[in-house]
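# Close look at the chain arrangement
Listed below, chain by chain, are the residues.
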Number of protein chains: 2
Amino acid sequence: MDSGVSGKVAQATFEEISASDFFYRNRDIAGLTNPSRAIFVAIREVVENSLDAAESQKIPPDIYVRLSFESEATKETQIYKLRVQDNGSGIQPRFIPSAFGQVLYGSKYKLKQMRGTFGLGGKMAVLYGQITTHQPAFVTSSTGGAKIYSFKLMIDIQRNRPIILDRKVLINKDGWRGTIIEFTLEGDYLRAMPKILEYFKQTAMVNPYANLTFVDPKGRFYKFTRATTNMPEPPKETMPHPYGVDVELLQRLIQITQYKTMMEFLKGHFHRVGEITAQKFLEFSALSPSKNPKKLTHEEIVRLMQNLKKFKDFLPPDASCLSPLGEELLKAGIMKELKPDYLVVNQRKPSTYAGHPFIVEMAIAYGGDVPKRGNFVIYRFANKIPLLYDEASDVSYRVISAMNWRRYKVSPDMPIAIVVHICSTKVPYKTVGKEFIADRSEVRREEANALREVSRQLGHFLTRQEHVHMEKKRLGIFSKYLPKIAQFSTMLARQEKVPDIDVLLKSVQKYGAEEK
Amino acid sequence: MDSGVSGKVAQATFEEISASDFFYRNRDIAGLTNPSRAIFVAIREVVENSLDAAESQKIPPDIYVRLSFESEATKETQIYKLRVQDNGSGIQPRFIPSAFGQVLYGSKYKLKQMRGTFGLGGKMAVLYGQITTHQPAFVTSSTGGAKIYSFKLMIDIQRNRPIILDRKVLINKDGWRGTIIEFTLEGDYLRAMPKILEYFKQTAMVNPYANLTFVDPKGRFYKFTRATTNMPEPPKETMPHPYGVDVELLQRLIQITQYKTMMEFLKGHFHRVGEITAQKFLEFSALSPSKNPKKLTHEEIVRLMQNLKKFKDFLPPDASCLSPLGEELLKAGIMKELKPDYLVVNQRKPSTYAGHPFIVEMAIAYGGDVPKRGNFVIYRFANKIPLLYDEASDVSYRVISAMNWRRYKVSPDMPIAIVVHICSTKVPYKTVGKEFIADRSEVRREEANALREVSRQLGHFLTRQEHVHMEKKRLGIFSKYLPKIAQFSTMLARQEKVPDIDVLLKSVQKYGAEEK
């Protein structure tokens, strides 16, 4: 940072900044745009780390969040203390300082479905707390062993290193496992409140095996109790798929590989490459199966990469490493929240972008508690995280806007909610703040197909509803005039008994009475 | 990067990644989402560095960009060589390797209006070239001295360090000054072409003192010749404004300061703080003017920060460090491009967000070559960079959508173009790819005010136009019937000479004939 006044512009001076310093200087790109959003982001990042930490151990998450008022800061902002406690895996003591006090340090750099992906959010929350309140963060954690470790930390932003102010070791007599993080930050809770509550509500909706408790600064208590203890399988780590490979990745694999032949190299480091596929591929790219990968020239590596992308016979990524919500869960969550008159969900087959497997799930709900807003209500989720900001930038918004809705008898003033969930080993977020999904063509295509499918079914429902409505009208007319006609006819025929018109009415009915 | 298959999930393992590795893994957030966007981003980042390098020296920029086809890569992508030559400041040889081969290293970390802000774009372009083609980058530069330095470079992504493959020193007999960068990358030029040409067109529009030449892979030659050699003053570096200060910044200033008293400290390190203001402020925050800043406790630093934000009597930032387009230039650029029937521009007074000064400029153009699209055409600029992607996410889009257009007699199906430019020592971009501006409330307010002002004037124009139209109609009716009436009256009065109705017509005319 230059603090002096610069005079005449001379030669440019260069400097290096740390990753921590970079994000400190550019908080907007991590979503920390204003005091309201900052407090939302802080809560969300810490909660998501907690959910990941519990899920990785197949433990039903129990997360307790407390935000308490500390003092006034400026006219519109206050100082709050945020405390989040979980029953997750816990963190080994040697990792604790960096896990909370060093940007770009983490356990999230894997090919596996996780909420966190950048190894950034939790630290940015702590960093934001530090630069607004200058207070240390407290982290207490145990992996369930004999001891509990407690740290008092700050971040050296210029060097991107944690500063350990204090460290305590306690006896873990109850075998507690989990992590507690506590720090203060400046924020505007009043403005952030609606989004924060919405965040908890939607998170509970797609994580029905989690207990979430939130105590807000007014002492209000929000509890979302789990509906099941049935946990999904913890996400598995996978190997890179050949379609997603670039030269850098190839080089890193070549550097670390133990394999001595191309055959073994391909089989051992790539997802969905077995003996036969490897053989075919090597033939395709005119490489000897016995060639030592470490002997590949630069040009051969480039060609290898291009051929890996060109070869048509690789199987698509196996989605066993993905943990979608599933149609049942999605349905149950939406029914509970929106009680629609009609609901249809669709889970697409696994697909892939740049070698990363992903699954799109889509639901459309009509009527019931779905509000009429003049446009559709959209719920977006990615790896079970609700996305609440910047809707118009999301690929799903584009897909929804581009639909020919008239074809499905749908108009924007109908009470319609659309729910979209994408899960992937790497969600293509467009921002570090994880607000919305980039417009990758593969993702767009899958979302469009899913949307067409659910819309088609909604269209049928609406058509049928229209028919039922017409029918009702028709029957209404019949049932209004038939008795009169019957009466007159009876009189004209000089009969006494009026014929039973119910039989007649039923004979013209197209739909069962239960459908009225 | 883990390459093995992980079995049962055990304790989380942690790792640190370099900044370079982080952006390599998360290319989407730097705008490198697909081969088409990648080639656009690469060109734009390098061109913007060149513009900055020339402007910093008050040299009218001369930038030559050549993109040439090298070979086919995949079915939809090709390998291209990108070469950009400028006549800017040049780079001293000791800085060259890191300036192009190390992420978060640069000359852009200053409080000053520049196109580049992240110290990232140029390197990301080179990095992208490397991971897709595995070719080195070539950089040749001279600051105009006796020698020209030439480097052949690659990036060690895992360590975030440049690798120097070759280095040459040449005699600079012609006193050449500037930089040439050349590297290969995979891309999809055909799809990127419209955006690239639009980028050059709009860049030329707001940088009329620059010569821009672009030779595309088909050998097509696009030349944008400067209209003036009048250069704006090079942007000046400023000190931080008290309203934008956080604890981290205060601490860094305290660490490096030479000043021994709070009085000197405030005057010496902050923008717009003179003797009297400093005195008043110290009184306001109950600090002794002679206190040594290095003796401030943690709590005092926090209180100091809060008071700096609360104090009402700091002058707003001085905008002399900003270089807006100016109403003349903006008008000329738009007239040339759109030839509208009506054009009004408005430059707002300098304002500030989080202590950063900024100026909003807004123009609205009606008719002429402005296309009718069913919605407004929006041109967005930030620090003289055209922003071409993700329009719907930009704060200006929200401002435009939220306007009550009926009030100004404007409807979306009119041929209307809106041009918005924000210049600042720190543009609040929402993404590292510099695609759109974050929704900072101060920026939104300024944009809304500017838009209201130009819309009000457009509204007057439209009202007047409507009146003129009505008047034309009225006169049309008069001039249709008056001759007949005159004729009949003449006949009835048994006169021979029909009276002169022109005089009559003129007497009912509300607007001058020239306005028809």
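Residues numbered from 1 in each chain as written. Chains lettered and ligands numbered in written order. Predicted model: local features only at pLDDT ≥ 70, side-chain atom pairs only at ≥ 80, totals over all residues.

As a further point, take the overall build of chain A. A count of helical and extended segments in chain A gives 13 helices and 16 strands. Rg of the C-alpha trace for chain A: 30 Å, well past the compact-globule value of 24 Å for 516 residues, more than 25% over. Each principal axis of the C-alpha distribution contributes one length, and for chain A these read about 110 × 70 × 65 Å. Across the 516 residues that make up chain A, the buried fraction comes to 48%. When contacts within chain A are restricted to residue pairs at least 6 apart in sequence, long-range pairs at least 24 apart make up 73% of them. (Helix = DSSP H or I, 4+ residues; strand = E, 2+ residues; numbered from the N terminus. Rg over C-alpha atoms; globule rule 2.2 N^0.38 Å. Buried ≥ 20, exposed ≤ 12 C-beta atoms within 10 Å, placed from the backbone. Contact = placed C-beta atoms within 7 Å.)

Superposing chain B onto chain A requires a rotation of 180 degrees together with a translation of 0.2 Å along the rotation axis, leaving an RMSD of 0.3 Å. The transformation just described matches what one would write down for a two-fold rotation axis. Both copies contact each other with a shared surface, as 100% of the interface residues of chain B are interface residues in chain A too. (Least-squares fit on C-alpha atoms with pLDDT ≥ 70 in both.)

Two strands in a sheet stick together by hydrogen bonds in their backbones, pointing the same way (parallel) or opposite ways (antiparallel). Residues and elements named next belong to chain A. Sheet architecture is open: 8 strands sit in the order β7-β6-β5-β8-β3-β2-β9-β10, paired in mixed fashion. A strand with exactly one partner marks an edge of an open sheet, and here the two such strands are β7 (161-171) and β10 (221-224). Adjacent strand axes in the sheet meet at a mean angle of 15 degrees when their direction is disregarded. As paired strands, strand β6 (residues 147-156) and β7 are joined by 10 bridges and run antiparallel to one another. Opposite aspartate 156, over in β7, you have arginine 161 as the bridge partner. Contacts between helix α4 (residues 121-133) and the sheet are confined to β3 (78-86), β5 (137-143), β6 and β8 (177-187), with β8 contributing the most and set at about 40 degrees to the helix. (Pairing = 2+ DSSP bridges. Axes fitted to C-alpha atoms, helices over the stretch in contact; angles between N-to-C directions.)

Accessible area lost on assembly of the parts is the figure often given for the size of an interface. Along its sequence, chain A is organised into domain 1 (19-224), domain 2 (242-310), domain 3 (321-459) and domain 4 (462-515). For domain 1 of chain A and domain 4 of chain A, the distance between their C-alpha centres works out to 67 Å. (Domains from an automatic or database assignment.)

Next up on the list: the interface of chain B and chain A. Listed as interface residues are 72 residues of chain B and, on the opposing side, 72 residues of chain A. Broken down by secondary-structure element, the contributors of at least two residues to the side of chain B that touches chain A are β1 (15-16), α1 (19-25), α3 (96-101), β4 (105-106), α4 (121-133), α6 (247-256) and α9 (298-310) of chain B. In terms of residue count, the dominant contributor to the side of chain B that touches chain A is α9(B) (6 residues). Counted by class, the side of chain B that touches chain A contains 31 nonpolar, 25 polar and 16 charged residues. The pairing of strand β1 (residues 15-16) of chain A with β4(B) spans 2 bridges and is classified as antiparallel. Across the sheet, Glu15(A) pairs through a bridge with Gly106(B), a residue of β4(B). (Nonpolar A, V, L, I, M, F, W, Y, C, P; charged D, E, K, R; others polar.)

Okay, the environment of Asp21(A) next. All names here are of chain A. With respect to the helices, strands and loops of the structure, aspartate 21 is situated in helix α1 (residues 19-25). As for aspartate 21 and aspartate 156, which are separated by 135 residues in sequence, their C-alpha atoms are 9.1 Å apart. Sequence-distant contacts of aspartate 21, defined by excluding residues within four places in its chain, comprise Ile157, Gln158 and Asn160.

A few words now on the packing of helix α11 (residues 395-402) of chain B against helix α12 (residues 441-492) of chain B. All names here are of chain B. Where α11 contacts α12, the axes come no closer than 9 Å and their chain directions differ by 45 degrees. Comparing their axes, α12 and α11 come out oblique. Our pair here, α11 against α12, has a crossing hand that is right-handed. Note on element contacts: α12 touches α11 through Val443, Arg444, Glu447, Ala448 and Leu451, opposite Val395, Ser396, Val399 and Ile400. Along the lines of polarity and charge, the residues of the contact of α11 with α12 split into 6 nonpolar, 1 polar and 2 charged. (Parallel < 35°, antiparallel > 145°, perpendicular 65-115°, else oblique. Left-handed = near helix turned anticlockwise from the far one by under 90°.)

Moving on to the pairing of strand β8 (residues 177-187) of chain B. Residue and element names in this part refer to chain B. Counted residue by residue, β8 has 9 buried out of 11 residues, so it is predominantly covered. Across 6 bridges, strand β5 (residues 137-143) lies against β8 in antiparallel orientation. Bridge pairing links valine 139 to isoleucine 181 in β8.

Moving on, we come to unusual backbone geometry. All names here are of chain A. If you check the backbone angles, leucine 104 has positive phi at about 65 degrees while not being a glycine. When you line up the elements, leucine 104 lands in the loop between α3 (96-101) and β4 (105-106). A count of 23 C-beta atoms within 10 Å places leucine 104 in the buried class.

So, about the sheet that holds strand β6 (residues 147-156) of chain B. Residues and elements named next belong to chain B. A sheet is described by the order of its strands in space; here 8 strands give the open sequence β7-β6-β5-β8-β3-β2-β9-β10, paired in mixed fashion. The sheet is open, and its two borders are formed by β7 (161-171) and β10 (221-224), each paired with just one other strand. Taken over all neighbouring pairs, the strand axes of this sheet differ in orientation by 15 degrees on average, direction set aside. Together, β3 (78-86), β5, β6 and β8 form the strand contacts of α4, whose direction differs from that of β8 by roughly 40 degrees.

A few words now on the confidence of the model for chain A. All names here are of chain A. Put simply, chain A has an average pLDDT of 88, and 95% of its residues get 70 or more. Ignoring residues within four places in sequence, the model shows residues 1-9, a span with pLDDT below 50, making 13 contacts including any to other chains. Here the predicted complex carries an ipTM of 0.81, next to a pTM of 0.83. (pLDDT = per-residue confidence, 0-100.)

All names here are of chain A. Take threonine 425: it is sitting in the loop between β16 (416-424) and α12 (441-492). With 104 residues separating them along the chain, threonine 425 and cysteine 321 place their C-alpha atoms 7.7 Å apart. In this structure threonine 425 touches Leu111, Lys112, Gln113, Thr238, Cys321, His356 and Pro357, once residues within four positions along its chain are discounted.

Take helix α2 (residues 35-55) of chain A next. The first and last C-alpha atoms of α2(A) sit 30 Å apart over 21 residues, in line with the 30 Å expected at 1.5 Å per residue. The buried fraction of α2(A) is high, at 21 of 21 residues. (Expected span 1.5 Å × (residues − 1).)

Core analysis: the biggest nonpolar cluster contains 261 residues, and Ala42(A), Ala363(A), Ala42(B) and Ala363(B) have the highest contact counts within it. Discounting residues that sit within four places of it in the chain, Ala42(B) has contacts with Leu82(B), Ala125(B), Tyr128(B) and Leu185(B). (Core = buried A, V, L, I, M, F, W, Y, C linked by C-beta atoms within 7 Å.)

Time to look at the packing of α2(A) against α4(A). Residue and element names in this part refer to chain A. Running from N to C, α2 and α4 cross one another at 140 degrees; their axes reach a closest spacing of 8 Å. Put simply, α2 runs oblique to α4. For α2 against α4, the interelement crossing comes out left-handed. Contacts from Ala38, Val41, Ala42, Glu45, Val46, Glu48 and Asn49 in α2 reach Gly121, Gly122, Met124, Ala125 and Tyr128 in α4. Split by residue class, the contact of α2 with α4 holds 7 nonpolar, 3 polar and 2 charged.

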